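# Working through the structure, step by step
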Number of protein chains: 2
Amino acid sequence: MAEQPELTIQGWGPPGTRVAHVADGSLELTPDAAIKRTLPKAARKHLARELGWTPRSTPPVPVESIELAPSRLPVPVRAELVTLLGVENVRDDRESRLRRTGGKSYLDLLRRRSGDATDAPDAVLTPADTAQTAALLELCSRHGVVVVPFGGGTSVVGGLSGTDVDDRPVVVVDLARMAGVVSVDVPSSLVTAGPGMRGPALEDALAEHDLTLGHLPQSWEFATLGGYAATRSAGQASTGVGRFDDLVEGLTLATPTGVLEVGHAPASAAGPDLLGLAVGSEGTLGVITEVTLRVRPRPRTEGYEGWSFRSWAAGLAALQRLARHDLLPDVVRLSDPDETRANLVLAGGAGARALRGALRGRGHGSGCLLVVGWQGLPTIVRARQRAASSLLREDGGKRAGTRVGEAWERHRFEGPYLRDRLLDLGLLVETLETAATWSALPTVYDAARRALRESLSTPGTQPLVMTHLSHGYATGASLYLTVLADRDDDLPIQQWLTAKRAATDAVLAAGGTLTHHHAVGADHRPWLDREIGTLGVDVLRAVKATLDPAGICNPGVLLPS
Amino acid sequence: MAEQPELTIQGWGPPGTRVAHVADGSLELTPDAAIKRTLPKAARKHLARELGWTPRSTPPVPVESIELAPSRLPVPVRAELVTLLGVENVRDDRESRLRRTGGKSYLDLLRRRSGDATDAPDAVLTPADTAQTAALLELCSRHGVVVVPFGGGTSVVGGLSGTDVDDRPVVVVDLARMAGVVSVDVPSSLVTAGPGMRGPALEDALAEHDLTLGHLPQSWEFATLGGYAATRSAGQASTGVGRFDDLVEGLTLATPTGVLEVGHAPASAAGPDLLGLAVGSEGTLGVITEVTLRVRPRPRTEGYEGWSFRSWAAGLAALQRLARHDLLPDVVRLSDPDETRANLVLAGGAGARALRGALRGRGHGSGCLLVVGWQGLPTIVRARQRAASSLLREDGGKRAGTRVGEAWERHRFEGPYLRDRLLDLGLLVETLETAATWSALPTVYDAARRALRESLSTPGTQPLVMTHLSHGYATGASLYLTVLADRDDDLPIQQWLTAKRAATDAVLAAGGTLTHHHAVGADHRPWLDREIGTLGVDVLRAVKATLDPAGICNPGVLLPS
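Residues numbered from 1 in each chain as written. Chains lettered and ligands numbered in written order. Predicted model: local features only at pLDDT ≥ 70, side-chain atom pairs only at ≥ 80, totals over all residues. Heavy atoms only, no water.

## Description of the overall build of chain A
The helix and strand tally for chain A stands at 21 helices and 18 strands. Across the 561 residues in chain A, those meeting the buried criterion constitute 62%. Considering only residue pairs separated by 6 or more positions, chain A has 77% of its internal contacts joining residues 24 or more positions apart. Here chain A displays about 20000 Å² of accessible surface, and carbon together with sulfur accounts for 52% of that area. Here chain A carries 59 positive and 64 negative side-chain charges, and the mean point of each set is 9 Å from the other. (Helix = DSSP H or I, 4+ residues; strand = E, 2+ residues; numbered from the N terminus. Buried < 20%, exposed > 50% of the residue type's maximum accessible area, 1.4 Å probe, protein only. Contact = heavy atoms within 4.5 Å. Areas by Shrake-Rupley, 256 points an atom, 1.4 Å probe, with all protein chains shown as cover. Lys, Arg positive; Asp, Glu negative; His and termini not counted. Charge placed at Lys NZ, Arg CZ, Asp CG, Glu CD.)

This is the structure we're talking about:
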């Protein structure tokens, strides 16, 4: 197992990130100075104007002040676990528990920044393999101990909430010791790896064989293969590479009842798809202990470029036509006018200014930027790019050069780092996502924005809702919304829960899906029966009852309580 | 509902086909004359030499001689069904029942040809919609009546066996009245249709919108959309178009417990994949009453061509390289030396003779023919074809012109018609299929052939096992085997069951899947636990218990008894 950096307890990035990003010793600066160093002046002005927000310093409490209750893991159970796993793999020290408390949603960060760790696990277990994981699940099932699998800890939907109606003790199963490549089958383009492995380590290992997985969500630096599988992750190049559920060819799921091995590459017609049942199960059926993934040769060429459109509707129509003809680029990201404008202002610099001028000059001043990326064999990429460009031009698109695309590519993982800085300044910052058919997409877009704006506006303030389309399919696409608003300092959690409820109701009513790639977690579970029907929920409960009869596997997520 | 021709009771094709194919009034010919008109001389000689088989006339019994027991459907249940569906939709006449008895496997045909219809249903129901289907399932569940869904009746794995350990009465739910297009969403490339619709009717309807589904299994003329979904079908262009399970974006499943609507285009991360659970359920969870499919613009260009390779190994290696680089053609069909030789001999004519000469000339005389097909936008097809051809040449492939490919395309649906003629001549004729990773493929191929040859050889006779690879994936491919052998006239069923058991055991031991696209049915169910594990079977049983607590839904298939 290679050493992999852990996320900081109260935000994104490895420990030390906050200091580097905010200011060296920000707490020693005056609040005003800290604000200035956090966000460029133009960005501050833009956001203040858009939101009616007054920049203010709202730092997190010191980590030492986070309250942590003593571990509730019964001593005899702890002893049994130590016998099974070894003493170094059953940890209940403060640091181990705090680092594996919840995920990285806005609500998670609000809690951690305010010093709340009531959702901390009672212990952290690090099994070595499938057999140990199956044994600990059987043990915990017998003793009524809740098990929450923990990969990178990057969930943004409360996937690691650990809440249990019966308030049983909770252990986290950290995947960190199952984080290596098990085998590579080059002719079959397959790699089998441990669930705790992260994207960068896997890509390094695959590069030796001239292979790549190519799955690049924003959480790429920290998220794990097991987490991707458990949540049906999608990445920035998923339009071309495929969603993670398309890339999983098999997996091993340790459950309290036994070990399930599912998937049979390349394909099978032997009954219902049990692999598809394990993927997306979010820890509620057991712990994924091995994944087999489809990989591909490293692309021989790769490039990004920008396009602009007069309007969101024009951009959507153009992408829909590409999708129909199977000409979507491998990376597709169409920003709506609000996101386009904000990105150009926040980016600052001469390049962004020049681009703003160019867009105004072609009548796209309040239009949309599209970033596309192409990967693969040069001759194929060239043919596809040429055909796609021709359709984009026919539909009113204008090329905006490669610098826009390259700038996006350079900054593609920075969002969550920036969020921490904005949280320091009194802002509400959260994202949500959905997907819909091309026909339903405009309605879903309008409905989500309207709900968020109505919920988050107060006299004198209003939210900024920035949206982009990513992940195109022949049949539709996903929408990713980023919300900024003046935080309600008294009831920040209630403020977001109200907005989230309104947005989710609106999205479902308009025909969007509950989640395209963030998963259900704790945050979306009240809506699951609206997505799959009560009979669908009954089916999932029946599967869970078979594999996890004591209901110890991540009971706080997915299935409605 | 358009009128759709039904398959003849004892073989393939619409009624009248047998007469046309065998001879006008074959029974009036002398056996010898009938044999001569059935199969060209060169083909007869080739098969006689390969198999040690003596051509003989083994015609089916007249349809009038098929024995059919009286319907066991209790009178009060029948009356309730008539009230629900109308008297014309509850049929128990001889013709209706015989036409919906079993499928079209070799074993099915042996039974029907010998006059055995002990597996006939007691009545045939034709519900109009989802509500009627759900109501009849509830009714049958209450009364303990087994329900077998029936689309085109083309199953080759005993998917319509209707056997029940409790020997309850059996009704067939014929999908024929749910056979129209419900809606077409052109921008989203989606069509929703009834499960009883067949390929030709759907393609006609889609052509009005310049769209196509492109799913072309050998059963295309008769099989239904519901059947495709229930069995995870694959078609001849599936390498490019995708398997049927890739094309299904949603479906409605009427179950005894209620109606399940699953799938949310374009994609969702809202928990485990319930659509994947309904697809491939083979009628064991209920009846599919609506399917939503991804369609595409009709290809602007389409072409087929042949290639040859010195050996099976060389052909496999070449296709594996194409697969890795995402350059597989839309249609891929690599015949092994036995199939290549038999096809050329059986085709007869000057073209085939010339091709045999050409292959000998280039040292591929005992080699393999590959048929490839390309579809799509001309510029993209050209680029892909050029890149693929270059790799094929590097790997020792030589072009064999377009006539080979076009001939294959012309005759693509003829296999099952030919089978009836061979059955008339004392032959055993059956197919089986599997899939494996590229690494495992050679071993699986050897194992399956060896098992069949060992099982079916007797002093003086041996089987001819012809294999082709079709359906290529990045990670592997499927193998399709056709077996011809001198039939054991005394114990023909036992002869095949023994061979099938040996072949299946060998395929699974070598790493192949139990079935790539024929489904499990009755024939493969004894091996399901080897494919998915006993815990996997338990999971499926739990799902079934939730949706079908009385176990009335197609109990004879999929799940081991």
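## Focus on the interface of chain A and chain B
Every contact between the two is made by 80 residues of chain A and, on the other side, 80 residues of chain B. Together, the buried faces of chain A and chain B total about 5800 Å²; carbon and sulfur atoms form 67% of this surface. Scanning the region where chain A abuts chain B turns up zero salt bridges. Our count for the chain A to chain B interface comes out at 24 residue pairs in polar contact (both at pLDDT 80 or more). Residue assignment for the side of chain A that touches chain B shows that the elements contributing at least two residues are strand S8 (248-255), strand S9 (258-262), helix H12 (274-278), helix H13 (312-324), helix H16 (378-394), strand S16 (427-437), strand S18 (476-486) and helix H21 (528-547) of chain A. Across the side of chain A that touches chain B, the residue classes tally to 39 nonpolar, 28 polar and 13 charged. (Buried area = accessible area lost by both parts, 1.4 Å probe. Salt bridge = Lys/Arg side-chain N within 4 Å of Asp/Glu carboxyl O. Polar contact = N/O pair within 3.5 Å; in protein donor to acceptor, adjacent residues only side chain to side chain. Nonpolar A, V, L, I, M, F, W, Y, C, P; charged D, E, K, R; others polar.)

## Some words on the sheet that holds strand S4 (residues 170-174) of chain B
Hydrogen bonds along the backbone pair up the strands of a sheet, which may run parallel or antiparallel. Residues and elements named next belong to chain B. With respect to topology, four strands assemble into an open sheet ordered S1-S2-S4-S3, the strand pairing being mixed. Where the open sheet ends on each side, the last strands, each with one partner, are strand S1 (90-91) and strand S3 (146-150). In terms of strand pairing, S3 meets S4 through five bridges, oriented parallel. Its bridge partner being in S4, Val148 is matched across the sheet by Val172. On the sheet, helix H7 (residues 130-143) packs against strand S2 (123-125), S3 and S4 and is oriented at approximately 150° with respect to S3. (Pairing = 2+ DSSP bridges. Axes fitted to C-alpha atoms, helices over the stretch in contact; angles between N-to-C directions.)

## Brief notes about the side chain of His517(A)
Locating His517(A) in the fold gives a position in the loop between helix H20 (492-510) and H21. The class for His517(A) is buried, based on a relative accessible area of 12%. Beyond its immediate chain neighbours, meaning those up to four positions away, His517(A) contacts Thr231(A), Arg232(A), Ser233(A), Ala234(A), Glu433(A), His471(A), Tyr480(A) and Ala269(B).

## Brief notes about the sheet that holds strand S15 (residues 398-401) of chain A
All names here are of chain A. Ordered by their spatial adjacency, seven strands build an open sheet running S15-S12-S14-S13-S17-S18-S16, and the pairing between neighbours is antiparallel. With partners counted over all chains shown, the strands left at the sheet margins are S15 and S16, one partner each. Strand-to-strand, the axes of this sheet are offset by a mean angle of 25°, without reference to chain direction. In this structure, strand S13 (residues 331-335) lies alongside strand S17 (residues 464-472), joined through three bridges in antiparallel fashion. Counterpart to Leu334 in the pairing with S17 is Leu469. H13 rests against strand S12 (301-309), S13, strand S14 (368-376), S17 and S18 of the sheet, and its axis sits at about 160° to S13. In this fold helix H14 (residues 337-347) packs onto S13, S14 and S17, with an angle of close to 105° to the strand it touches most, S17.

## Some thoughts on unusual backbone geometry
Residue Ala265(A) is joined to Pro266(A) through a cis peptide bond whose omega torsion reads 0°. For Pro266(A), the location among the structural elements is in the loop between S9 and H12. Despite not being glycine, Arg232(B) has its phi angle at roughly 55°, a positive value. Of note, the phi angle at His471(B) is positive, near 50°, even though the residue is not glycine. Secondary-structure assignment places His471(B) in strand S17 (residues 464-472).

## Points about the UniProt feature "domain: FAD-binding PCMH-type" (unreviewed entry) in chain A
Per the UniProt record, "domain: FAD-binding PCMH-type" (unreviewed entry) is annotated on residues 117-298 of chain A. Annotated as 24% helix and 26% strand, the span residues 117-298 of chain A places its first and last C-alpha atoms 43 Å apart. (UniProt positions renumbered as here; feature names shortened; annotations may be inferred.)

## Focus on the packing of helix H6 (residues 106-113) of chain A against helix H18 (residues 415-423) of chain A
All names here are of chain A. Between H6 and H18, the shortest axis-to-axis distance is 12 Å and the interhelical angle comes to 50°. Considering their axes alone, H6 and H18 lie oblique with respect to each other. As for how H6 packs across H18, the hand of that crossing is right-handed. Every residue of H18 that contacts H6 at Tyr106, Leu109 and Arg113 is listed here: Arg419, Asp420 and Leu423. Residue composition of the contact of H6 with H18, grouped by class: three nonpolar, no polar and three charged. (Parallel < 35°, antiparallel > 145°, perpendicular 65-115°, else oblique. Left-handed = near helix turned anticlockwise from the far one by under 90°.)

## Examining the environment of Gly194(A)
Residues and elements named next belong to chain A. Assignment of secondary structure puts Gly194 in the loop between strand S6 (190-193) and helix H8 (199-207). In this structure the C-alpha to C-alpha distance between Gly194 and His468, which are 274 residues apart in sequence, comes to 33 Å. The contact partners of Gly194, leaving out residues within four places of it in the chain, are Met178, Ala179, Gly180, Val182, Leu225 and Thr289.

## Some remarks on the domain arrangement of chain A
Residue and element names in this part refer to chain A. According to the domain assignment, chain A consists of domain 1 (181-297), domain 2 (301-412) and domain 3 (415-523). Taken over C-alpha atoms, the centre of domain 1 sits 30 Å from the centre of domain 2. Facing the eight residues of domain 1 at the interface are eight residues of domain 2. Counting the surface lost from both domain 1 and domain 2, the interface buries some 590 Å², and carbon and sulfur atoms represent 47% of this. (Domains from an automatic or database assignment.)

## Topic: the packing of aromatic side chains
The description of an aromatic ring pair rests on the distance of the ring centres and on the angle between the ring planes. Residues and elements named next belong to chain A. In the structure shown here, the tally under the stated rule is eleven aromatic pairs over all chains. Look at Tyr304 and Trp408: their rings are 5.8 Å apart centre to centre, the planes differ by 55°, and that puts the pair in the tilted class. Residue Tyr304 is found in strand S12, and its partner Trp408 is found in helix H17 (residues 402-410); the two are separated by 104 residues along the sequence. You'll find Tyr304 and Trp408 in the same group, each marked buried. (Phe/Tyr/Trp six-rings, centres within 6.5 Å; stacked < 30°, edge-to-face > 60°.)

## Here's the deal with the pattern of salt bridges
Residue and element names in this part refer to chain B. One pass over the full model with this rule turns up 64 salt bridges over all chains. A salt bridge links Glu50 to Arg341; the nearest nitrogen and oxygen atoms lie 3.0 Å apart. Taken together, the residues span a long stretch of sequence, with Glu50 in helix H3 (residues 41-51) and Arg341 in helix H14 (residues 337-347) at a distance of 291 residues. Given a relative accessible area of 36%, Arg341 falls into the partly exposed group. Across the pair Arg399 and Glu305 runs a salt bridge, and its minimum N-O distance is 2.8 Å.

## Here we look at the UniProt feature "active site" (unreviewed entry) in chain A
Residue and element names in this part refer to chain A. Residues annotated in UniProt with the feature "active site" (unreviewed entry) correspond here to Tyr480. With respect to the element layout, Tyr480 can be found in strand S18. Given a relative accessible area of 13%, Tyr480 falls into the buried group. Not counting residues within four places of it along the chain, the set of residues in contact with Tyr480 comprises Gln218, Thr431, Leu432, Glu433, Met466, Thr467, His468, His517 and His518. A polar side-chain atom of Tyr480 sits 3.3 Å from a polar atom in the side chain of Thr431.

## Side note on the pairing of S17(B)
Residue and element names in this part refer to chain B. Counting buried residues in S17 gives nine out of nine residues, a clear majority hidden from the surface. As defined by bridge partners, S17 adjoins strand S18 (residues 476-486) across eight bridges and the pair is classed as antiparallel. Looking across to S18, one finds that Met466 is bridged to Thr482. Counting the residues between successive antiparallel strands, the hairpin from S17 to S18 contains three residues.

## Structural notes on the relation of the copies chain A and chain B
Copies of the same chain, two in number, are related to each other by a rotation about an axis and a translation along it. Superposing chain A onto chain B requires a rotation of 180° together with a translation of 0.0 Å along the rotation axis, leaving an RMSD of 0.0 Å. Interpreted geometrically, this transformation is the action of a two-fold axis. Of the interface residues in chain A, 100% have counterparts in chain B that sit at the interface too, so the contact is made through matching surfaces. (Least-squares fit on C-alpha atoms with pLDDT ≥ 70 in both.)

## A short note on helix H21 (residues 528-547) of chain B
Between its first and last C-alpha atoms H21(B) spans 20 Å; for 20 residues at 1.5 Å apiece the expected length is 28 Å, and the helix comes up short by more than 12%. Along H21(B), the helix axis deviates most sharply at Thr534(B), where the bend reaches about 80°. (Expected span 1.5 Å × (residues − 1). Bend = angle between axes of the 7 residues up to and from the residue.)

## Observations regarding the nonpolar core
The biggest cluster of nonpolar side chains holds 134 residues, and the ones touching the most others in it are Leu469(A), Trp496(A), Leu469(B) and Trp496(B). If sequence neighbours within four positions are ignored, Trp496(B) has contacts with Tyr106(B), Leu107(B), Leu428(B), Glu430(B), Leu432(B), Leu452(B), Leu456(B) and Val483(B). Leu206(A), Ala229(A), Leu260(A) and Leu206(B) belong to the second largest nonpolar core, which has 122 residues in total. (Core = buried A, V, L, I, M, F, W, Y, C linked by side-chain atoms within 4.5 Å.)

## A few points about the side chain of Glu282(B)
Position of Glu282(B) among the secondary structure elements: in the loop between helix H12 (274-278) and strand S10 (287-294). Buried and without a salt bridge, Glu282(B) has Arg232(B) as its closest oppositely charged side chain, separated by 7.5 Å. Here the side chain of Glu282(B) touches Val520(B) through a polar contact of 2.7 Å, landing on its backbone nitrogen. Setting aside residues no more than four positions away along its own chain, Glu282(B) makes contact with Ala269(A), Gly271(A), Ala230(B), Ala519(B), Val520(B), Gly521(B), Asn554(B), Val557(B) and Leu558(B).

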